[in-house]
Amino acid sequence: MKKTLTTVKNFYMVGQWVQPGGGLPSGVSTAREVIAQMCREDGKRFRTLTD
């Protein structure tokens, strides 16, 4: 499922209802994916605490 809307600029969908399976782990996973996508779009390196 796409996590953006073409009609709304800078809108990203995150949460348990965005990814099949649902629940807390998928909600966190979608947030991480969107943040990584935002970093790519801004030309920044996506880093985690383990990097």
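The structure presented is a predicted model; accordingly, all values stated were derived computationally and were not measured. (Residues numbered from 1 in each chain as written. Predicted model: local features only at pLDDT ≥ 70, side-chain atom pairs only at ≥ 80, totals over all residues. Heavy atoms only, no water.)

A separate point is the overall build of the protein chain. Within the protein chain, the regular secondary structure consists of one helix and zero strands. Taking the principal axes of the C-alpha coordinates as reference, the protein chain spans close to 35 × 30 × 10 Å. As displayed, the protein chain has an accessible area near 4,300 Å², and 59% of this comes from carbon and sulfur atoms. A gap of 1 Å separates the mean positions of the 8 positive and 4 negative side-chain charges of the protein chain. (Helix = DSSP H or I, 4+ residues; strand = E, 2+ residues; numbered from the N terminus. Areas by Shrake-Rupley, 256 points an atom, 1.4 Å probe, with all protein chains shown as cover. Lys, Arg positive; Asp, Glu negative; His and termini not counted. Charge placed at Lys NZ, Arg CZ, Asp CG, Glu CD.)

A few words on the environment of Lys-2. Along the chain, Lys-2 turns up in the segment before helix H1 (23-42). Accessibility expressed as a relative area gives 59% for Lys-2, which makes it exposed. The spatial distance from the C-alpha of Lys-2 to the C-alpha of Tyr-12 is 8.9 Å, given a sequence separation of ten residues. (Buried < 20%, exposed > 50% of the residue type's maximum accessible area, 1.4 Å probe, protein only.)

Our next topic: a nonpolar patch on the surface. Residues Leu-5, Val-8 and Phe-11 make up a contiguous nonpolar surface patch of about 220 Å² in total accessible area. With respect to the secondary-structure elements, Val-8 resides in the segment before H1. The exposure class of Val-8 is partly exposed, given its relative accessible area of 38%. (Patch = residues over 30% accessible without salt bridge, like charges linked within 9 Å, V, L, I, M, F, W, Y side chains within 5 Å. Salt bridge = Lys/Arg side-chain N within 4 Å of Asp/Glu carboxyl O.)

So, on to H1. Over its 20 residues, H1 runs 29 Å from end to end, which matches the ideal 28 Å to within 8%, given 1.5 Å per residue. Taken residue by residue, H1 has Ser-26, Gly-27, Thr-30, Val-34, Ala-36 and Cys-39 as its buried positions. Following H1 by one or two positions, Gly-43 has its phi on the positive side, about 70 degrees. (Expected span 1.5 Å × (residues − 1).)

Its identity as a non-glycine residue notwithstanding, Asn-10 has a phi of 60 degrees, on the positive side. In this structure Asn-10 comes out as exposed when scored by relative accessible area, which is 62%.

It is worth stressing that arrangement in space is one thing and function is another; only the former is reported here.
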